[in-house]
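Each chain is listed here by its residues.
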Amino acid sequence: MASSQGGVGAVPALQSHHYTTGPHWSPGNSQYPHLQQQQPHTTRSLDRALEDAACSGILNLSGRKLREYPGMNYDLTDTTHADLSKNRLTEIPPEVCLFAPLESLNLYHNCIKCIPEAIINLQMLTYLDVSRNLLTVLPKFLFNLPLKVLLVSNNKLVSIPEEIGKSKDLMELDISCNEIQVLPAQVGRLLALRELNIRKNCLHMLPEELADLPLIRLDFSCNKITEIPPTYRKLRQLQDIVLDNNPMQSPPAQICLKGKVHIFKYLNIQACRMDKKPDTLDLPTLSKRCLPHIEDFYPNKNHGPDSGIGSDNGDKRLSTTEPSDDDTVSLHSQISETARADALSLLSKMDSCKAFTRGSKQEITPSDPSFTMRRKMEHLREELEQIALLRQNIEFRLKVLLPDDVGAALMDGVVLCHLANHISPRCVASIHVPSPAVPKLSMAKCRRNVENFLDACKKLGVPQDKLCLPHHILEERGLVKVGVTVQALLELPAPRTALAAM
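Criteria and cut-off values
- Residues numbered from 1 in each chain as written.
- Predicted model: local features only at pLDDT ≥ 70, side-chain atom pairs only at ≥ 80, totals over all residues.
- Heavy atoms only, no water.
- Salt bridge = Lys/Arg side-chain N within 4 Å of Asp/Glu carboxyl O.
- Helix = DSSP H or I, 4+ residues; strand = E, 2+ residues; numbered from the N terminus.
- Buried < 20%, exposed > 50% of the residue type's maximum accessible area, 1.4 Å probe, protein only.
- Pairing = 2+ DSSP bridges.
- Axes fitted to C-alpha atoms, helices over the stretch in contact; angles between N-to-C directions.

(A) Structural detail: the pattern of salt bridges. Considering all chains together, one arrives at seven salt bridges under this definition. Salt-bridge contacts for Glu395 lead to Arg194; the nearest nitrogen and oxygen are separated by 2.6 Å. Of the two residues, Glu395 sits in helix α6 (residues 369-398) while Arg194 sits in the loop between β6 (172-174) and β7 (195-197), which places them 201 residues apart along the sequence. Summarising the burial analysis for this pair, Glu395 and Arg194 share the class buried. Note that Arg381 and Glu385 form a salt bridge whose closest N and O atoms lie 2.4 Å from each other. Of this pair, Arg381 and Glu385 both sit in helix α6, four residues apart, roughly one helical turn. On the basis of relative accessible area, Arg381 is assigned to the partly exposed category, the value being 35%. Overlapping salt bridges bring together Arg194, Arg391 and Glu395 as one network.

Here's what the structure looks like:
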């Protein structure tokens, strides 16, 4: 089944994509020959990598078939990013656990069986990838680290400790392809979580506590789940939902195959039936103008239309045949419930209008104060939605949490410059940032940052009519126009962006 705009189908699940805050390391391009005469070249290559790490603070030992840590004779205690992926390590090297400034640690595809308690020394670690190893348990002390991204897919985990609720800064959690049977309710305490991947486990049910999270992507495909809790209708920010290859009963297969919009309608109807209050629907905002495009967040994925059917392999778990007579009656019943709820809502609005205009014999016209007030309220609501979209775009792209005052957070141009560099590396060559000694930039430096950001947008191909002006950012008076610029920047085609960055 397709994702996001899809629902539950029996098509194969999309391959998992990770969007990390750590640096992007390319796989090692040197294949070590077994010939004895080429061994000195291999040694020099390894020594050079360690020497470079001592100078740059970035340790890259990926794909070298290492069984032991080779950096014993080098002072690498200032390392901030370490990539030891695609080796044959059986444990996390104790020396690495002494890298106090370490922010990103990549241990993908090794033979690690446990995480040592010494890792608690890495109190600046925000990105940890231990996917495709031999872990059977996640230790409780791991969640005392300030992690923002935790990737532990393709291990042998059977459970997740309740202490996971301590990771208040966690924004991305991937525990897919394990043997987990129950997801602890404490996951509902991860109030910063944006992406949750629990694909291919042994889950029979979803915890209702997930409904309180600001999730943008949720993948629980290839499990044994039969029901989506009605409380999940509160997932207002959810953009991408993948639930194929589950024996779904509620919503039924016919509803799930129609896509996310129909799934949410079904959940709202079920909630109304349970509460017997059809006029209190908690419908999520599904307007295209207040939600970012899925392609912005997952540019490598091919999202289809809202049909939910992404391939011709549609008969594994869920039937794609026409609904039976009983299904038709059920759907008619659901439609009548929706119509009744909409009618009650409309009557309530009409009563409010009557109360507002009571005592006046004139009809409401565009020149009436009540009409003007409604127009202003509608305009204000649209502005708030666009500002919320601006916040959502930046937070998801940069894996950061902005303060409540978005305008103040963007005023110095630092965040916007980092966003531009995230889209096209080094398109903003110089960024003025605050320091502990000078925590606030001068207006001149703020203006340079803002101008550099706008120049980068122009070079990358943002149309002139979608470029905001410097005072819109510096004076916090044009967040809507800033949002239009950011949205246009994110919508640039990938090939064009890459070409402009060269």
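(B) Expanded view of the environment of Glu68. Note that Glu68 resides in the loop between β1 (58-60) and β2 (81-83). Glu68 sits in the exposed class, given a relative accessible area of 64%. The spacing of Glu68 and Pro93 is 25 residues in sequence and 7.7 Å in space, taken between C-alpha atoms.

(C) View of the sheet that holds β6. The sheet built from nine strands is open, its strands ordered β1-β2-β3-β4-β5-β6-β7-β8-β9 with parallel pairing. Two strands lie at the open edges of the sheet, namely β1 and β9 (240-242), each paired on one side alone. Shown here is a sheet whose adjacent strand axes are inclined to one another by a mean of 5 degrees, direction ignored. Judged from the three bridges that link them, β7 and strand β8 (residues 217-219) form a sheet pairing that is parallel. Within the sheet, the bridge partner assigned to Leu196 lies in β8 and is Leu218.

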